[in-house]
Amino acid sequence: MEIVDMSNPPSSHTKDFLASPALSLSLAGIFRDGRATAATAVEVEEGDGERGGFGGRREETVEISSENSGPMKSLSDDDFEAEGEHGDEDAHKKKKRKRYRRHTALQIRVMEALFKECPHPDEKQRLELSKQLGLHPRQVKFWFQNRRTQIKAIQERHENSLLKTEMEKIQEENKVLRENLKKSCCPNCGFATSSKDATEEQQLRIENARLKEEVEKLRNAIGKCNSKASPNSSCSSGNEQGIRSSLDFYSGIFGLEMSGIMDAVQKAMDELKKMATSGEPLWIRSYETGREILNYDAYMKEFSTENSSNRQPKTCIEASRETGIIFVDLPRLIQSFMDVNQWKELFPCLISKAATVYVISNGEGVKRDGAVQLMFAELQMLTPMVATREVYFVRCCKQLSADQWAIVDISIDKVEDYIDASLEKCRKRPSGCIIQDTSNGHCKVTWVEHLECQKNTVHSLYRTTVNSGLAFGAKHWISTLQQQCERIVFFMATNVPIKDSSGIPTIAGRKSILKLAQRMTWSFCRALGASSYNTWSKIPSKTGDDIRVASRKNINDPGEPLGVILCAVSSVWLPVSHHILFDSLRDENHRNEWDIMSNGSPVQCIVTLAKGQDRGNAVTIQAMKTKDQNIWILQDSCTNAYESMVVYAPVDINGMQSVITGCDSSNIAVLSSGFSMLPDGIESRSSVITSKPEEKSTEGGSLLTIAFQILTSNSPTAKLSMESIDSVNTLISCTLQSIKKFLQCEE
């Protein structure tokens, strides 16, 4: 290898060559310590020069090419010529100026065209291109390397600019929020100076204070129990696990001995088995309604219960039994009952809140045979006009035989007093279900629901349904369970007929849409009930109907639009069968009869997905074309033997097109509205006596609950205006009038 004299400083041409900041940084390793010359050699290997990879020292010639016309020039092997022999005798000889060769416009165009198609050409392509353009293969190679580096640098600068802009925007928003918070808060206590200036921060403070009170109640309860427990029951050694619950430190739970709980569970299990299998005289079938009615006198003779003697004077008894075939295997069904989250998801229209308070026993094996746990549930109807029921109960899972299991619920005396004495008492007498495995992916479930509730005033529309035990009875539970298990089966199916899956080319797209529809329906059920999630206010309506409104703020949930959301609900009685009402409201051909958003325009169904055996259980995407825009509507219709729902929401067309192809739907924001329908609970007597069940009674009217949710502001800190309330009031009134006119039941 030829030795290069490093004694002379860099020439002025080197300075010109480094006028480009990018190359000056890249070649910093070449001109190290001011002793390198233009002949110092570096070659950028494939993959190493993608981002500033020109800094390593190699023993070959530098080759850099570019199509830009700045001071960065294109060099080849003979670009640097000798400037003469360096020696003492010609040390002051004038050096010759270096010659730079630039690529021609034609060469650049040809290489640019290939770069757009293939940024990483292989050796064969580079060789052919060099022959075509009259260049050395290494010149072509380095041109592509430099071009890739240049493109990447441009992209990074653009991304950095976007991130900087976004950061400045967030900083500005943070600054505004901090200023608003300082203005609306008292500097001493931190609370709002007036109710009008209350922000989300103050609401969280209030909620935090309420939770602290509940924690203090639990601590008091634990203290009472600790005072009753023996010294041997406390933790006697510091070597035990440090993350144990304080409930483990004594033999009882909320003032009750563990042995007493297990005795009560065993008695409840025995009673449930008799209640599920006995016929007359314990259960008598009603000739008018076909429902089974508990003979309470026979019940008192059969079971010597302590609960009967302790019954409060202002309580009522609700008892019901129902049997049905469930499309699900036994292990999965048992797991759904013992996992509180899965249990809540199975019954979204019945359970607004649920929690496992304490696990008494985990049971044995995968199926958790013998598991016992204390649970809490808030039960609701899909209307704000009926108060929720809060109940604490102990649930036990027990295997009765090789193919039969039992899930039993029983409320334990005084548990509510230790947790929250202010709760409206609703106690479960021995209730639950007997599950029989039929060995073909199905289960036969016999459900017994036996409740003791405080007598409360119920709205006249729902008085018959609630007082008859239908609202929270066994028929409601078993019908909902059948519907939800069918939905799971259709969701998991891979051989769905074409008629049940029209408009969706892939299984992934089908599942994505069904998930989105399910999330939309869950949100609708949560927003509709009288749960403590919502604070309802009654407003006067233009038609005389009872309208109630509630608002909430969505700060960080991507499943709904961010901002202030207003929900308005109204419940009415209509003199038509709930089946006819359901079919009319779910049919896209009749949508323009009642939907104000359609403005009378026809609606076309572009996607239909079945999610149950009944044709009414389906998810559809409907397209409507108005004068101003095209709108897509996602609709989820559900029906069972007790109630029906039609839930819908306008969706972004581009977002739904990606979901149809199978993309994730979790970030699609939907704001659901819709209808809930159920029979009014009044069975009419038939004019003839017959043994045929279909002739025994005629259907009565329907209870229709209509709910609209609208986004009043994109800012979560905005105040609710009267204009928004008037708008949703008008929307509900006009929709109800259109429905009554369409069904020909105007007053």
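Heads up: the structure comes first, above all this text.
Keep in mind it's a predicted model, so treat the numbers as computed, not measured.

A. Seen up close, the side chain of threonine 705. If you trace the backbone, threonine 705 turns up in strand β24 (residues 702-713). Within polar-contact distance, the side chain of threonine 705 engages the side chain of tyrosine 462 at 2.9 Å. Within the local environment of threonine 705, its side chain forms a polar contact with the side chain of serine 571, the two groups lying 2.9 Å apart.

B. Structural context of empty space enclosed by the protein. Tallied over the entire structure, the rule returns 8 cavities of 30 Å³ or more. Roughly 220 Å³ of volume is contained in the largest cavity. Along the walls of the largest cavity sit 21 residues, with Gln483, Gln484, Arg487, Lys611 and Cys638 positioned nearest its centre. Of all the secondary structure elements, the ones that give two or more residues to the lining of the largest cavity are α14 (474-492), α15 (507-528), β19 (630-639) and β20 (644-651). The residue inventory of the lining of the largest cavity, partitioned by class, reads 9 nonpolar, 8 polar and 4 charged.

C. Spatial organisation of the pairing of β19. Where burial is concerned, most of β19 is hidden: 9 out of the 10 residues are buried. Here strand β18 (residues 618-625) pairs with β19 via 8 bridges, running antiparallel. Residue pairing for β19: lysine 625 is matched across the bridge by asparagine 630. Linking two consecutive strands that pair antiparallel, namely β18 and β19, is a turn of 4 residues. As paired strands, β19 and β20 are joined by 8 bridges and run antiparallel to one another. The partner of glutamine 635 across the bridge, within β20, is tyrosine 648. Taking the residues that link successive antiparallel strands as the turn, the β19-β20 hairpin has 4 residues.

D. Representation of the pattern of salt bridges. Under the counting rule described, the total for this entry stands at 15 salt bridges. With its nearest N and O atoms 3.9 Å apart, the salt bridge here joins lysine 273 to aspartate 270. In this pair, lysine 273 and aspartate 270 both sit in helix α7 (residues 258-277), 3 residues apart, roughly one turn of the helix. On the accessibility criterion, lysine 273 (32% relative accessible area) is partly exposed. By relative accessible area, which is 33% here, aspartate 270 ends up partly exposed. With a shortest N-O distance of 3.5 Å, arginine 285 and glutamate 292 are connected by a salt bridge.

E. Fine view of a negative patch on the surface. A grouping of Glu166, Glu172, Glu173 and Glu179 is seen on the molecular surface, where their side chains present a negatively charged patch. Inspection of the secondary structure assignment puts glutamate 179 in helix α5 (residues 137-184).

F. Molecular detail of the nonpolar core. Core analysis: the biggest nonpolar cluster contains 48 residues, and Trp343 and Trp447 have the highest contact counts within it. By residue number, the principal contributor to this core is α14, which donates 6 residues. Discounting chain neighbours no more than four positions away, the residues touching tryptophan 447 are Ser320, Arg321, Glu322, Phe337, Phe347, Gly432, Cys433, Ala474, Trp477, Ile478 and Leu481. Within the second largest apolar cluster, 33 residues are counted, among which are Val569, Ile621, Met645 and Val651.

Rules used throughout
- Residues numbered from 1 in each chain as written.
- Predicted model: local features only at pLDDT ≥ 70, side-chain atom pairs only at ≥ 80, totals over all residues.
- Heavy atoms only, no water.
- Helix = DSSP H or I, 4+ residues; strand = E, 2+ residues; numbered from the N terminus.
- Polar contact = N/O pair within 3.5 Å; in protein donor to acceptor, adjacent residues only side chain to side chain.
- 1 Å grid on protein atoms, 1.4 Å probe; cavity = no way out; pocket = protein on both sides within 12 Å on 5 of 7 lines; lining within 4 Å.
- Points joined across faces, edges and corners; volume = space filled by probe spheres on them.
- Nonpolar A, V, L, I, M, F, W, Y, C, P; charged D, E, K, R; others polar.
- Buried < 20%, exposed > 50% of the residue type's maximum accessible area, 1.4 Å probe, protein only.
- Pairing = 2+ DSSP bridges.
- Salt bridge = Lys/Arg side-chain N within 4 Å of Asp/Glu carboxyl O.
- Patch = residues over 30% accessible without salt bridge, like charges linked within 9 Å, V, L, I, M, F, W, Y side chains within 5 Å.
- Areas by Shrake-Rupley, 256 points an atom, 1.4 Å probe, with all protein chains shown as cover.
- Lys, Arg positive; Asp, Glu negative; His and termini not counted.
- Charge placed at Lys NZ, Arg CZ, Asp CG, Glu CD.
- Core = buried A, V, L, I, M, F, W, Y, C linked by side-chain atoms within 4.5 Å.
- Contact = heavy atoms within 4.5 Å.

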